[in-house]
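Structural features, examined
Letter by letter, the chains look like this.
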Amino acid sequence: FSRACSMSLIDASSLTLMLAAHDDWMKSQGARGQLLTMTGCAVAGGDFRRAILDSVDFSKTDLKDCDFSEARLNTCRFTDARLNGCTLTGAELVDAMFNRSRVTGCVIGAANLRGSFWLKAELTGLDLSQALMDGAQFDGCTFNDIVWPATLPGMLRLHDCRGDLP
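Residues numbered from 1 in each chain as written. Predicted model: local features only at pLDDT ≥ 70, side-chain atom pairs only at ≥ 80, totals over all residues. Heavy atoms only, no water.

**As for the sheet that holds strand β9 (residues 137-139)**
Strand order in the open sheet formed by five strands is β3-β5-β7-β9-β11, and the pairing between neighbours is parallel. Two strands bound the open sheet, and with one partner strand each, they are β3 (77-79) and β11 (157-159). Shown here is a sheet whose adjacent strand axes are inclined to one another by a mean of 5°, direction ignored. Examined bridge by bridge, strand β5 (residues 97-99) and strand β7 (residues 117-119) share three bridges and lie parallel to one another. Residue pairing across strands places N99 opposite L119, the latter belonging to β7. (Pairing = 2+ DSSP bridges. Helix = DSSP H or I, 4+ residues; strand = E, 2+ residues; numbered from the N terminus. Axes fitted to C-alpha atoms, helices over the stretch in contact; angles between N-to-C directions.)

**Let's talk about the nonpolar core**
By size, the foremost hydrophobic cluster in this structure holds 47 residues, and its most contacted members are M38, L53, F58, F68, L73 and L93. For this core, the elements supplying multiple residues, two or more each, are α1 (12-27), β8 (122-127) and β10 (142-147). The leading source of residues in this core is α1, at three residues. Once you skip the residues sitting within four places of it in the chain, F68 turns out to touch F48, L53, F58, L63, L73, C86, T87, L88 and A91. (Core = buried A, V, L, I, M, F, W, Y, C linked by side-chain atoms within 4.5 Å. Buried < 20%, exposed > 50% of the residue type's maximum accessible area, 1.4 Å probe, protein only. Contact = heavy atoms within 4.5 Å.)

**Description of the pattern of salt bridges**
All told, the structure shown has nine salt bridges when counted by the stated rule. Ionic pairing is found between R49 and D47, a salt bridge with its closest N-O pair at 2.6 Å. For the salt bridge of K64 with D65, the shortest nitrogen-to-oxygen distance reads 3.8 Å. Among the charged side chains, a network of salt bridges with common partners joins D47, R49 and D67. (Salt bridge = Lys/Arg side-chain N within 4 Å of Asp/Glu carboxyl O.)

**Topic: the sheet that holds strand β6 (residues 102-104)**
Read from one edge of the open sheet, seven strands run β1-β2-β4-β6-β8-β10-β12, paired in parallel fashion. Looking at which strands have only one partner, the edges of the open sheet turn out to be β1 (42-44) and β12 (162-163). Here β1 runs beside strand β2 (residues 62-64); their pairing, made up of three bridges, is parallel. Each residue of the ladder has a partner; that of V43, found in β2, is L63.

**Description of the packing of aromatic side chains**
Taken as a whole, this structure holds eight aromatic pairs when the rule is applied. An aromatic cluster of three or more residues is present, and its members are F48, F58, F68, F78, F98, W118, F138, F143 and W148. (Phe/Tyr/Trp six-rings, centres within 6.5 Å; stacked < 30°, edge-to-face > 60°.)

As structure tokens, this is what we get:
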């Protein structure tokens with residue numbers, strides 16, 4: 001189930017099988033199942049709720065209206081990825097990397113973005129007011145229509161960014 005796509009749309013039943021194989025891989029520490037890779041895939045309306053997706057590569061992936069509520073996405077890579085209208089409420093994205101990604105109109109809620117790294121990413125239409133962002137780094141990013149927390153978290157780094165800054 002390790003799969004690189006050419007922007008092919010993943011259907012719900014295939015996604016379920018892929019997530020089950022990845023879950024087995026995670027629980028067995030690599031002895032069974034398969035590490036999930038979503039490189040170059042397109043997923044619309046995918047249900048990733050409560051999934052354990054640590055270390056998955058979402059590079060060049062188009063994610064539209066996907067639900068990642070309470071999912072674990074720690075150390076995931078999102079290089080040249082697009083997230084549009086996704087729900088990330090309560091998701092863990094500790095040490096996740098967003099490189100040249102576009103995140104538009106996503107529901108962030110109280111997602112854990114601690115230690116996440118954002119390089120030349122474009123963030124539009126996001127409410128970050130409840131997100132946990134201690135140690136998050138944003139370098140060369142563009143922010144449009146962003147709601148920031150009333151008090152910025154400690155160690156939040158914004159370097160060479162533009163747009164709606166706090």
